[in-house]
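Here's the letter readout for the chains.
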Amino acid sequence: LTASVAQKEWKLRAPLERAKLMLNAMQLVERDKEELAALETLDTGRPIRETLFDVDSVVSCLQYYAGLTSSIGGMTVDLPNRA
């Protein structure tokens, strides 16, 4: 699956479905964070504390973006100045 194909499929998914997928991914990353961090440490040679931080950051990002799927976006409303 190429990135362009995946993006087209992702765009067709309803926001709630996107949120569920991201939250599921978040749970999987959180469940396996020790192993993911150890693999990143082996791959890059960085200290485990840094790679654990990175994995925790991934969890936070997935949770944040899943939450944005229920937010109104793309529009702003200018209010009259009542001063």
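Okay, so let's go over this structure. Just so you know, these numbers come straight off a predicted model, no measurement behind them.

Details of the pattern of salt bridges
Argument step 1. For the structure shown, the criterion picks out six salt bridges.
Argument step 2. For the salt bridge of Glu40 with Arg46, the shortest nitrogen-to-oxygen distance reads 3.9 Å.
Argument step 3. The exposure class assigned to Glu40 is partly exposed, which follows from its relative accessible area of 29%.
Argument step 4. In this structure, the salt-bridge partner of Glu50 is Arg46, at a minimum N-O distance of 3.2 Å.
Argument step 5. The class for Arg46 is partly exposed, based on a relative accessible area of 25%.
Argument step 6. Where salt bridges share partners, they join Glu40, Arg46, Glu50 and Asp54 into one cluster.

So, the nonpolar core
Argument step 1. Core analysis: the largest hydrophobic core is formed by nine residues, namely Ala19, Met22, Met26, Val29, Ala37, Val55, Val59, Leu62 and Ala66.
Argument step 2. At the level of secondary structure, the elements contributing two or more residues to this core comprise helix 2 (15-31) and helix 4 (48-68).
Argument step 3. Setting aside anything within four residues of it in sequence, one finds Val59 in contact with Met26, Val29 and Glu30.

The rules behind these values
- Residues numbered from 1 in each chain as written.
- Predicted model: local features only at pLDDT ≥ 70, side-chain atom pairs only at ≥ 80, totals over all residues.
- Heavy atoms only, no water.
- Salt bridge = Lys/Arg side-chain N within 4 Å of Asp/Glu carboxyl O.
- Buried < 20%, exposed > 50% of the residue type's maximum accessible area, 1.4 Å probe, protein only.
- Core = buried A, V, L, I, M, F, W, Y, C linked by side-chain atoms within 4.5 Å.
- Helix = DSSP H or I, 4+ residues; strand = E, 2+ residues; numbered from the N terminus.
- Contact = heavy atoms within 4.5 Å.

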